[in-house]
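So the chains spell out like this:
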Amino acid sequence: MAKRLDLKDVDIYYGSFQAVDGVTLSIPPNSVTAFIGPSGCGKSTVLRALNRMHEVVPGARVEGEVLLDGEDIYAPNVDPVSVRRTIGMVFQRPNPFPTMSIRDNVVAGLKLQGVKNKKVLDEVAERSLRGANLWNEVKDRLNKPGGSLSGGQQQRLCIARAIAVQPEVLLMDEPCSALDPISTLAIEDLIANLKKQYTIVIVTHNMQQAARVSDQTAFFNLRATGEPGRLVEIGDTEKVFSTPTEKATEDYISGRFG
Amino acid sequence: MTDLPVTGGPAGAGDTGVVRGLPVTATIPEGHVRMPDTGPPPAPPPDEPAGATSSRRGDRLFRWLVTGSGAFVVALIGAIGLFLLVQAIPSVLVDQDNFLLSRNFDTEDPANLRFGILDLLLVTVEVSVFALVLAMPVGLGIALFLTQYAPPRLARPFGYLIDVLAAVPSIIFGLWGILVLAPVLEPVAGWLQAHLGGFFLFAPGNSGIAGATVFTAGIVLAVMILPIITSITREVFERTPRTHVEAALALGATRWEVIRIAVLPFGRSGYISASMLGLGRALGETIALTIILAGVQTPFSGSLFDGGATFASKIALSFAELNNDLSAGAYIAAGLVLFVLTFAVNALARAVIARSGAVA
Amino acid sequence: MSTTIDLDEPAVGPTFTPISTGRKIRNGIAAVLVTLAFLVAVVPLVWVLWTVIAEGLSVVLRPGWWTQSLNGLLGRQQGGGAYHAIYGTLMQSLIAAAIATPIGILVAIYLVEYGAKSRLARATTFMVDILTGIPSIVAALFVYAVWIAILGFDRSAFAVSLALVLLMVPVVVRSTEEMLRIVPDDLREAAYALGVPKWKTIVRIVIPTALSGMLTGISLALARIMGETAPMLILVAYAPFINYNVFAGNMASLPLLMTVERANPTEAGSDRIWGAAITLILIITVFQLIAALLSRVTAPKTK
Ligand SMILES: Nc1ncnc2c1ncn2[C@@H]1O[C@H](COP(=O)(O)OP(=O)(O)O)[C@@H](O)[C@H]1O
Ligand SMILES: [Mg+2]
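Predicted, not measured: the structure shown is a model, and the values here were computed from it.

Caption draft 1: Main features of the nonpolar core. Counting residues in hydrophobic clusters, the biggest one holds 201 residues, and the most contacted among them are Phe319(B) and Leu235(C). Two domains each donate at least three residues to this core, and these are domain 1 (9-93) and domain 2 (105-356) of chain B. Beyond its immediate stretch of four places on either side in the chain, Leu235(C) contacts Ala140(C), Val143(C), Tyr144(C), Ile148(C), Arg155(C), Ser156(C), Ala159(C), Val160(C) and Ala163(C). Core analysis: the next-biggest nonpolar cluster, separate from the first, contains 50 residues, Leu5(A), Leu7(A), Phe35(A) and Val78(A) among them.

Caption draft 2: Inspection of the pairing of strand E1 (residues 5-14) of chain A at higher detail. Residues and elements named next belong to chain A. Of all 10 residues making up E1, seven are buried, and the element is well covered by its neighbours. Pairing of E1 with strand E2 (residues 17-27) involves seven bridges; the strand directions are antiparallel. Its bridge partner lying in E2, Val 10 is registered against Val 23. With antiparallel pairing between neighbouring strands as the criterion, E1 and E2 make up a hairpin whose turn holds two residues, including Gly 15 at a positive phi of roughly 60°. Pairing of E1 with strand E4 (residues 60-68), which is carried by eight bridges, proceeds in the antiparallel orientation.

Caption draft 3: Geometry of the packing of helix H2 (residues 83-114) of chain C against helix H5 (residues 157-181) of chain C. One can describe the packing of H2(C) onto H5(C) by two numbers: an axis separation of 6 Å at closest approach and a directional angle of 35°. Here H2(C) and H5(C) pass one another in a crossing that is right-handed.

Caption draft 4: Broad picture of helix H3 (residues 119-133) of chain C. Between its first and last C-alpha, H3(C) extends 22 Å over 15 residues, near the 21 Å set by a 1.5 Å rise per residue. Taken together, the buried positions of H3(C) are occupied by Ala121(C), Thr124(C), Met127(C), Val128(C), Asp129(C), Ile130(C), Leu131(C), Thr132(C) and Gly133(C).

Caption draft 5: Main features of unusual backbone geometry. All names here are of chain A. Residues other than glycine seldom take positive phi values, yet Asn 30 does so here, at roughly 55°. Along the polypeptide, Asn 30 turns up in the loop between E2 and strand E3 (32-36). Residue Asn 30 is classed as partly exposed on the basis of its relative accessible area of 34%. Positive phi is not limited to glycine here, since Arg 52 has a value of about 60°. Along the polypeptide, Arg 52 turns up in the loop between helix H1 (43-49) and E4.

Caption draft 6: Quick peek at the packing of H2(C) against helix H9 (residues 254-261) of chain C. All names here are of chain C. Viewed as axis vectors pointing N to C, H2 and H9 meet at an angle of 135°, and their least axial separation amounts to 7 Å. Classed by the angle they form, the pair H2 and H9 counts as oblique. The segment H2 lies against H9, with His 84, Ala 85, Ile 86 and Thr 89 engaging Leu 254, Pro 255 and Leu 257.

Caption draft 7: The side chain of Thr124(C), seen in detail. Mapped onto the secondary structure, Thr124(C) falls in helix H3. A polar side-chain atom of Thr124(C) sits 2.7 Å from the main-chain carbonyl oxygen of Leu120(C). Residues contacting Thr124(C), with those up to four places away along its chain left out, are Gly70(B), Val74(B), Val107(C), Tyr110(C) and Leu111(C).

Caption draft 8: Region of interest: the UniProt feature "domain: ABC transmembrane type-1" (unreviewed entry) in chain C. Residues given the UniProt feature "domain: ABC transmembrane type-1" (unreviewed entry) here are residues 86-295 of chain C. Annotated as residues 86-295 of chain C, this span is 79% helix and 0% strand, and its ends, taken at the C-alpha atoms, are 26 Å apart.

Caption draft 9: Seen up close, the environment of Val32(A). All names here are of chain A. Of note, Val 32 is situated in strand E3. Residues Val 32 and Met 207 lie 175 residues apart in sequence; the distance between their C-alpha atoms is 14 Å. Look past the residues within four positions of Val 32 in its chain and what remains in contact with it is Ile 191, Lys 195, Ile 200, Ile 202, Val 213, Ser 214, Asp 215 and Gln 216.

Caption draft 10: Spatial organisation of the site of ligand 1. All names here are of chain A. Neighbouring ligand 1 are the residues Tyr 14, Phe 17, Ala 19, Ser 39, Gly 40, Cys 41, Gly 42, Lys 43, Ser 44, Thr 45 and Val 57. Tyr 14 is positioned such that a nitrogen or oxygen atom in its side chain is 3.2 Å from a nitrogen atom of ligand 1. Between Thr 45 and ligand 1, the recorded distance is 2.4 Å, taken from a side-chain N or O atom to an oxygen atom. With the chains in place, 62% of the 560 Å² that ligand 1 exposes on its own is no longer accessible. Of all elements in the fold, only E2 and H1 reach the threshold of two or more residues within the shell around ligand 1. No other element matches the three residues that H1 contributes to the shell around ligand 1. Split into classes, the residues belonging to the shell around ligand 1 amount to five nonpolar, five polar and one charged.

Caption draft 11: Spatial organisation of the interface of chain B and chain C. With 102 residues of chain B at the contact, the number on the chain C side is 95 residues. Summed over both partners, the interface of chain B with chain C buries about 9000 Å², with 75% contributed by carbon and sulfur atoms. Ionic pairing is found between Arg23(C) and Glu257(B), a salt bridge with its closest N-O pair at 2.7 Å. Connecting chain B to chain C are seven residue pairs in polar contact (both at pLDDT 80 or more). Element by element, the count of residues in the side of chain B that touches chain C is highest for helix H1 (residues 53-94) of chain B, at 21 residues.

Caption draft 12: Spatial organisation of the packing of aromatic side chains. Scanning the model with the defined rule gives 24 aromatic pairs over all chains in all. Considering the side-chain rings of Phe145(B) and Phe158(B), the 5.9 Å spacing of their centres and the 20° angle between planes classify their relative orientation as stacked. Highlighted residues: Phe145(B) in helix H2 (residues 118-149) and Phe158(B) in helix H3 (residues 152-167), separated in sequence by 13 residues. For Phe145(B), a relative accessible area of 8% corresponds to the buried category. Accessibility expressed as a relative area gives 21% for Phe158(B), which makes it partly exposed. Taken together, a centroid distance of 5.3 Å and an interplanar angle of 80° make the contact between Trp176(B) and Trp47(C) edge-to-face.

Caption draft 13: Geometry of the pattern of salt bridges. By the definition in use, this model includes 28 salt bridges over all chains. Close ionic contact of Asp119(B) with Arg103(B) constitutes a salt bridge, the shortest N to O distance being 2.8 Å. One end of the pair, Asp119(B), is in helix H2; the other, Arg103(B), is in the loop between H1 and strand E1 (105-106), with 16 residues separating them in the sequence. On the accessibility criterion, Arg103(B) (38% relative accessible area) is partly exposed. Among the charged side chains, a salt-bridge network with shared partners connects Arg103(A), Asp104(A), Lys111(A), Lys118(A) and Asp122(A).

Caption draft 14: The arrangement of the UniProt feature "domain: ABC transmembrane type-1" (unreviewed entry) in chain B in detail. Per the UniProt annotation, the sites labelled "domain: ABC transmembrane type-1" (unreviewed entry) are residues 121-349 of chain B. Segment residues 121-349 of chain B splits into 76% helix and 0% strand. End C-alpha atoms: 20 Å apart.

Parameters and conventions
Residues numbered from 1 in each chain as written. Chains lettered and ligands numbered in written order. Predicted model: local features only at pLDDT ≥ 70, side-chain atom pairs only at ≥ 80, totals over all residues. Heavy atoms only, no water. Core = buried A, V, L, I, M, F, W, Y, C linked by side-chain atoms within 4.5 Å. Buried < 20%, exposed > 50% of the residue type's maximum accessible area, 1.4 Å probe, protein only. Domains from an automatic or database assignment. Contact = heavy atoms within 4.5 Å. Helix = DSSP H or I, 4+ residues; strand = E, 2+ residues; numbered from the N terminus. Pairing = 2+ DSSP bridges. Axes fitted to C-alpha atoms, helices over the stretch in contact; angles between N-to-C directions. Left-handed = near helix turned anticlockwise from the far one by under 90°. Expected span 1.5 Å × (residues − 1). Parallel < 35°, antiparallel > 145°, perpendicular 65-115°, else oblique. Polar contact = N/O pair within 3.5 Å; in protein donor to acceptor, adjacent residues only side chain to side chain. UniProt positions renumbered as here; feature names shortened; annotations may be inferred. Near = heavy atom within 4 Å. Areas by Shrake-Rupley, 256 points an atom, 1.4 Å probe, with all protein chains shown as cover. Nonpolar A, V, L, I, M, F, W, Y, C, P; charged D, E, K, R; others polar. Buried area = accessible area lost by both parts, 1.4 Å probe. Salt bridge = Lys/Arg side-chain N within 4 Å of Asp/Glu carboxyl O. Phe/Tyr/Trp six-rings, centres within 6.5 Å; stacked < 30°, edge-to-face > 60°.

Pasting the structure below:
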């Protein structure tokens, strides 16, 4: 199920402002890749370019190639909707649909695809909630609104919602930054599990988290304020954290700036 | 299937809140404490600065002035209500017919008043509901078009276009309706009567003048309430939390599906209350209906092709001729019923909005 | 996970899960319908404006239109103008504005700066709510009941103004309230900290900050009441000549002129109706432009 992603010389713009310059990197299947770097360096922007969420902002555009198993997701004949269907996303703030029950939130994506069979939907809901380590906590109140859960539970609900449609890749933009330490641990455990099935890209500015959950780490930085962000280095997490090749990476990791 | 422009923030404060009937306080940015008086103000007005008795007197005077004007408005409306009742009750008491159930409205002879509101009520409700049924889907469509489909650069000018519709005086809509639109609608009306005439709504009506019908009036009214429905609905849709829109997009929702699972659930109560405000406006519309609806002698049959009079048009048509208080009282009584009706509809609209909390 | 689910996707499929045709069609239909809805609204707008311009433009370009009344002209006689009605429309609405604006502003100040959640404030808000949705014909009946039936005054242009006041006050209160509420409390507190009394803070600091929005709201409210017709039908009789006295006698206004000329089947009558219509639209447009201009000129300078 999992697929690989390759970026080739990707430039990303908001109108005339270039936010990201010349990113080239590869994300192997069934791995966790962490994006780290000071805020404003374009981590979220790159992440959102990976499932064509970037172009939702008026005037925003992407240049270069983003390949999913060798196919350019920006090719003219590719429908952004099917790209997003294939590459799921979890956001910084948990965003369950407030008017839907927990169960309906999980199967929202399937329902869009026209799945109506109640048995199938129930099955998928259970499986996804189990997959998101949430089943035991909510199995007795599946019909309660999604907003009735705690922040950490809501975020796991959003993860369940994202994996219910069985995407190839799962993008996560600082999924724990709005959560308490215990919920954060729960999600980190979950990520380690999800890796078996999905290719995962996670933005975090928590270095320990990157070190704990990821296989490879990409460090982004700005040359100067107002300049576009760029990829400074990417490599095995262990290596990037122990012996980074770039001085900037070392400075950032050791907390000397940012 | 291109992408959904997620519009930035809510529209500027400048173009909100001026539609008559808008449910109050449309755009209050969060985070501003309402008023210094609600809690202990961090820096209270200095009450005792050295030798500042004059400023304290100024304060007291000003407080008295503004509080007085608040009280004045309350007293004024209260008094008006009282006076209206005082005018209406004697006429209703000497009414030879049942005020609620009679279909007559005969006030020629003050010594023998025969009037009831049934026909007025039926015509008013039918023409307004017909207008609402036409305007609701179109208004929803426009609000969606302006917030979700129109290119961001054009959304604003397009929005102004709809607002211009609100600025055209009703009398002009009325004239256009009867002189220009009604003849164009005649074939449609004829077709409906010929093919669906079995159903009471489309049965041939009693209006002696071509096009001077509830049908024409309802269509014109629909155009007139469209801007009310659109402007409020649009404002609510614009506030759909971006996070919900993005959540839907990230699941692989098409633009329409984003609307269905994020925009509509969020904006539904705003849309409903906007529509009810539109209904309130339709119920009380006067001059356009006065111009369009033909006066008739026979009772209202329920057909869209009837003429007749609404509360407002009846009052407008007859009131200037009145020369005695008892006859006037009959119309004032009808006016009070209209007032209660619009008030109930507007209050309901406000309640819907307040309960949902979707709009600040 | 090995549970197979009944999705209509093949096990080894294209890289991107395709979107079903049904969904694409539904999406397309929605787009078409929504765009149609907008066009449906534009049609009557263009049609109405076109009608008014086509029928009335030549009339308002006649030399006497803006400077003469219809005094002494027969129904079928061409000529004359709408000066008397323009005067009436402007006079009735400006008097209404002159009364409604201070009341509305004071009430709004009361509600925002003093009322807190007191019982009077709640009662005031309730009454303003009532006024907000009140049909203009009912407002006219209000004025009739009090001013004419009980207090015994004659029908006059001033009675019309009073009815317009009832329609305008809630709009002024609402827009002013909204503008006062968005003035940040920091400004008020900064003034208090300097020892400025509360009323001076409001008059010198809060109101000037909110002024731009307030003026816009007031001008738009004014533009709105100018198009009202119902109060004229009940509260004043039409005069084809100029009457400068708002307190006595019959007086024309543009809507009333149009209503009266409806009974005139001649071409002259039709010309007068559409001429008055275009004049009314022009006047309303001018006031809306003034509103836009005022808000630009008085906007707090931020840069
Ligand atoms: N919607 C937007 N419009 C314009 N510029 C944006 C937008 N979102 C982000 N940016 C800019 O793009 C750059 C990268 O932002 P972002 O990707 O959010 O950084 P990060 O996630 O690394 O903190 C920043 O300079 C930011 O100001
Ligand atoms: Mg970010």
